[in-house]
Amino acid sequence: MKSTRLFGWLLFTGLLAGLFVGPAEAGREIVIYGDSQLNGDLTRWVIQGIMAVKPTQVFHCGDMVDQGTDYDWSRFSLLTDPLRKTAEFIPTLGNHDIQNPANLFRYFPRFQSSRWYSVDRLGIHFILLDTVSSDFSPGSPQYRWLEQDLAVRPPGTRFTLLISHVPFMCSANHQGQIAQVEAALSLLVKAGGVAATFSGHCHVYERSRRDGIFFVVTGGGGSMMGNQEYPNPYCEVFRNRAHFVAITPGANQLLVESLNPDLKLLDSFIIPTAPVP
């Protein structure tokens with residue numbers, strides 16, 4: 001009897017793992033985090049947690065540094081060096097990052113040619129917007145680019161995720177900036193088949209959902225944590241703890257987990273595959 005139960009349990013766990021782990025997908029391949037700008041002991045702890053899950057791609061939601069000084073960027077480089085040696089590091093611009101453009105361009109020259117871009121990894125189309133230093137209102141160059149990018153995606157795209165520094169919604173601070181992003185981009189994001197957005201700026205973890213789209217704030221990368229200050233009728237989970245988000249790609253869905261640096265689970269949810277418009 002015991003051996004039968006054990007076999008049944010192993011079979012169940014194996015089938016569950018199979019939902020998320022395919023032949024070329026070995027687990028928490030993708031990490032998204034933001035607002036690590038103080039680059040102190042808390043940031044080091046978060047990075048240690050990220051390295052423990054061994055991602056192949058790491059996306060930063062912006063505010064990699066605090067004031068943009070030489071010291072700030074050298075500190076960022078020192079702390080993230082082990083991570084950037086083992087994973088592809090893909091950044092989004094935050095308002096603190098652009099205070100000294102010369103230093104920003106020295107570390108990330110790609111922003112000299114464009115401050116918004118998209119990449120494709122593991123069947124996921126990632127869109128990285130600039131919501132802090134470039135116009136994103138309807139009719140602007142960035143908005144028109146986003147329209148075109150959403151209209152044509154590579155064959156085999158199973159999910160579209162959008163990353164920006166300023167969130168679409170959050171119950172912490174920065175409500176004025178959030179309202180601008182929401183007003184300018186929410187209809188386009190919905191029409192374009194974006195499955196989830198990931199942002200920083202607010203130093204919290206918050207998961208909201210509206211019209212089938214997840215709106216995630218992951219601003220717990222190492223700065224002082226914020227609090228829940230304003231009503232958000234779409235909020236499903238709120239945490240003010242240091243964290244990062246790990247994504248496990250599967251054949252038909254994405255498993256998204258918010259983890260403490262010691263890998264304790266704060267939240268988890270599933271993004272199902274949806275037809276690309």
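Rules used in this analysis
- Residues numbered from 1 in each chain as written.
- Predicted model: local features only at pLDDT ≥ 70, side-chain atom pairs only at ≥ 80, totals over all residues.
- Heavy atoms only, no water.
- Helix = DSSP H or I, 4+ residues; strand = E, 2+ residues; numbered from the N terminus.
- Buried < 20%, exposed > 50% of the residue type's maximum accessible area, 1.4 Å probe, protein only.
- Contact = heavy atoms within 4.5 Å.
- Areas by Shrake-Rupley, 256 points an atom, 1.4 Å probe, with all protein chains shown as cover.
- Pairing = 2+ DSSP bridges.
- Right-handed = clockwise from strand over helix to strand, strands pointing away.
- Arc of directions from axis to C-beta.
- pLDDT = per-residue confidence, 0-100.
- Axes fitted to C-alpha atoms, helices over the stretch in contact; angles between N-to-C directions.
- Parallel < 35°, antiparallel > 145°, perpendicular 65-115°, else oblique.
- Nonpolar A, V, L, I, M, F, W, Y, C, P; charged D, E, K, R; others polar.

Enquirer: Teacher, can you tell me more about the overall build of the protein here?
Expert: Counting secondary structure elements, the protein contains six helices and 13 strands. Expressed as a percentage of its 277 residues, the buried residues of the protein come to 54%. Sequence separation of at least 24 residues holds for 69% of the intrachain contacts in the protein that already meet a minimum separation of 6. For the protein, the exposed area adds up to about 12,200 Å²; of that, 57% sits on carbon and sulfur atoms.

Enquirer: Would you mind going over the pairing of strand β2 (residues 57–60) with me for this structure?
Expert: Remember that side chains alternate between the two faces of the sheet whenever the strand is regular. Neither face of β2 is exposed, since Q57 and F59 on one face and V58 and H60 on the opposite face are all buried. Here strand β1 (residues 30–33) runs beside β2; their pairing, made up of four bridges, is parallel. Its bridge partner lying in β2, I30 is registered against Q57. For the segment spanning β1, helix α2 (residues 41–53) and β2, crossover handedness is right-handed. Two strands pair when backbone bridges link them, and β2 and strand β3 (residues 88–91) are joined in this way by four bridges, in the parallel orientation. When the sheet's bridge partners are listed, V58 is paired in β3 with F89. Regarding the hand of the β-α-β motif, the stretch spanning β2, helix α3 (residues 70–86) and β3 is right-handed.

Enquirer: When you look at the environment of I47 in this model, what are you seeing that I'm missing?
Expert: Its location among the elements puts I47 in helix α2. By relative accessible area, which is 3% here, I47 ends up buried. As for I47 and L79, which are separated by 32 residues in sequence, their C-alpha atoms are 7.7 Å apart. Apart from the residues lying within four places of it in its own chain, the contact partners of I47 are Y33, L79, T80 and L83.

Enquirer: Is there a simple way to explain the environment of F269 in this structure?
Expert: Examined against the element boundaries, F269 turns out to sit in strand β13 (residues 265–272). Taking the relative accessible area as the measure of exposure, F269 reaches 7% and is therefore buried. C-alpha separation for the pair F269 and E257, spaced 12 residues apart in sequence, amounts to 6.7 Å. Not counting residues up to four positions away in its chain, the partners in contact with F269 are Y205, R207, F214, V216, L254, L255 and V256.

Enquirer: Even after reading the chapter, I still don't get helix α5 (residues 141–151), so can you show me in this structure?
Expert: Residues separated by three or four positions in an α-helix point in the same direction, a consequence of the helix having 3.6 residues per turn. Buried within α5 are the following residues: Q142, Y143, L146, D149 and L150. Viewed along the axis of α5, the buried residues span an arc of 125°, placing them on a single side of the element. Seen from the buried face of α5, the exposed residues on the opposite side, beyond 90 degrees, are P141, Q148 and A151. Lining the buried residues of α5 we find β4 (117–121), β5 (124–128), β6 (159–164) and α6 (175–191).

Enquirer: Whenever I open this one, unusual backbone geometry confuses me. Can you help?
Expert: In most cases, non-glycine residues show a negative phi, while peptide bonds are predominantly trans. Of note in the backbone geometry, L122 takes a positive phi value of approximately 55° without being a glycine. Note that L122 resides in the loop between β4 and β5. Located in the positive-phi region is H201, a residue other than glycine, with phi close to 70°. With respect to the secondary-structure elements, H201 resides in the loop between β7 (196–199) and β8 (205–210). H201 sits in the buried class, given a relative accessible area of 4%.

Enquirer: Whenever I open this one, the confidence of the model for the protein confuses me. Can you help?
Expert: When pLDDT drops low, the exact placement of atoms in the prediction is not to be read closely. Mean pLDDT over the protein: 90, with 89% of residues reaching 70 or higher. A low-confidence stretch, residues 1–26 stays under pLDDT 50, and its non-local contacts, those more than four residues away or across chains, total 20 contacts.

Enquirer: It is not clear to me how the packing of α2 against α3 should be interpreted in this structure. Could you clarify?
Expert: When two helices pack together, their arrangement is given by the angle between the helix axes and by the axis-to-axis distance. Following both chains from N to C, one finds α2 and α3 inclined at 5°, their axes separated by 10 Å at the closest point. In terms of axis orientation, α2 runs roughly parallel to α3. Contacts between α2 and α3 involve T43, R44, I47, I50 and M51 from the first element and R75, L79, T80, P82, L83 and T86 from the second. Its residues assigned to classes, the contact of α2 with α3 comprises six nonpolar, three polar and two charged.

Enquirer: Explain the sheet that holds β8 here, please?
Expert: Hydrogen bonds between backbone atoms are what pair the strands of a sheet, whose relative direction is either parallel or antiparallel. Strand order in the open sheet formed by seven strands is β4-β5-β6-β7-β9-β8-β10, with mixed pairing between adjacent strands. Of all strands in the sheet, those bounded by a partner on one side alone are β4 and β10 (235–239). Strand after strand, the sheet turns through a mean of 15° between neighbouring axes, direction not considered. Sheet topology places β5 next to β6; five bridges connect them, and they run parallel. Paired with F126 across the bridge in β6 is L161.

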